[in-house]
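Residue strings, one per chain:
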Amino acid sequence: LRINDPNTLLIMANEYRGLGLNGGKYISDTSAHTGDWFAVVATEDTVINSITSNVKDLSNITASVDNTTLAANTAIYGGISGITLTSGAVIAYNK
């Protein structure tokens, strides 16, 4: 494969990641998990106990603040480095 435009490689890498082809982690317990993820997707109704992210005020959705329930198939995007669930399950997708 020969590509002369570096932007083409960047686009290809982003599409690869966006499809989840870089792997991820299925989380269905209440333990603390850390990683380098670009998205978490709820696989069932889920409540987050804590989340560490570069998204400003994202922690407001947690059980201790708003107690938001994420419906199944809800995605959260951003630079996510830690998550602890109260209930439910998510797939955390690697960057």
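Structure first, text after, so check above.
Residues numbered from 1 in each chain as written. Predicted model: local features only at pLDDT ≥ 70, side-chain atom pairs only at ≥ 80, totals over all residues. Heavy atoms only, no water.

Asks: Tell me what's going on with unusual backbone geometry, and back it up with residues and numbers.
Replies: Unlike most non-glycine residues, aspartate 57 shows phi in positive territory, near 65°. In this structure, aspartate 57 sits in the loop between strand S3 (46-53) and strand S4 (69-70). Positioned with a positive phi, asparagine 67 is a non-glycine residue whose angle comes to about 55°. Residue class for asparagine 67 comes out partly exposed when judged on its relative accessible area of 45%. (Helix = DSSP H or I, 4+ residues; strand = E, 2+ residues; numbered from the N terminus. Buried < 20%, exposed > 50% of the residue type's maximum accessible area, 1.4 Å probe, protein only.)

Asks: How would you sum up the pairing of strand S5 (residues 75-87)? Please name residues and give values.
Replies: In summary, the side chains of a regular strand alternate between the two faces of the sheet. Taken together, the six bridges between strand S2 (residues 33-42) and S5 define a ladder with antiparallel strand orientation. If you follow valine 40 over to S5, its bridge partner there is isoleucine 76. Where S3 and S5 come together, six bridges link them in antiparallel fashion. Bridging from a neighbouring strand, serine 53 pairs with isoleucine 80 of S5. (Pairing = 2+ DSSP bridges.)

Asks: So what's going on with the sheet that holds S5? Residues and values would help.
Replies: Strands belonging to one sheet form pairs held by backbone hydrogen bonds; the direction of such a pair is parallel or antiparallel. Ordered in space as S1-S6-S2-S5-S3-S4, the six strands form an open sheet in which the pairing is antiparallel. Two strands lie at the open edges of the sheet, namely strand S1 (24-27) and S4, each paired on one side alone. Here two bridges tie S3 to S4, and the two strands are oriented antiparallel to one another. Paired with valine 47 across the strands is threonine 69, a residue of S4.

Asks: I'd love a proper account of the pattern of salt bridges, names of residues and values included.
Replies: Under the counting rule described, the total for this entry stands at one salt bridge. As a salt-bridge pair, aspartate 36 and lysine 95 come within 3.4 Å of each other at their nearest N and O atoms. Of this pair, aspartate 36 sits in strand S2 while lysine 95 sits in the segment after strand S6 (90-94), and the two are 59 residues apart along the sequence. Given the relative accessible area of 44%, lysine 95 is considered partly exposed. (Salt bridge = Lys/Arg side-chain N within 4 Å of Asp/Glu carboxyl O.)

Asks: Can you explain the pairing of S6? Please cite residues and give values.
Replies: Where S1 lies against S6, four bridges are found, and the strand directions are antiparallel. Bridge pairing in S6 places tyrosine 26 opposite isoleucine 91. Direction of pairing for S2 relative to S6: antiparallel, over a ladder of five bridges. Each residue of the ladder has a partner; that of tryptophan 37, found in S6, is asparagine 94.

Asks: Can you lay out the nonpolar core for me, pointing to particular residues and giving the numbers?
Replies: The nonpolar side chains of a soluble globular protein tend to be buried with one another. Core analysis: the biggest nonpolar cluster contains 15 residues, and Ile27, Val40, Ile48, Ile76, Ile83 and Val90 have the highest contact counts within it. Only S2, S3, S5 and S6 provide two or more residues apiece to this core. When residues in this core are grouped by element, the largest group, four residues, is from S5. Residues within four places of isoleucine 27 in sequence aside, it is in contact with His33, Trp37, Ile83, Leu85, Gly88, Ala89, Val90 and Ala92. (Core = buried A, V, L, I, M, F, W, Y, C linked by side-chain atoms within 4.5 Å. Contact = heavy atoms within 4.5 Å.)

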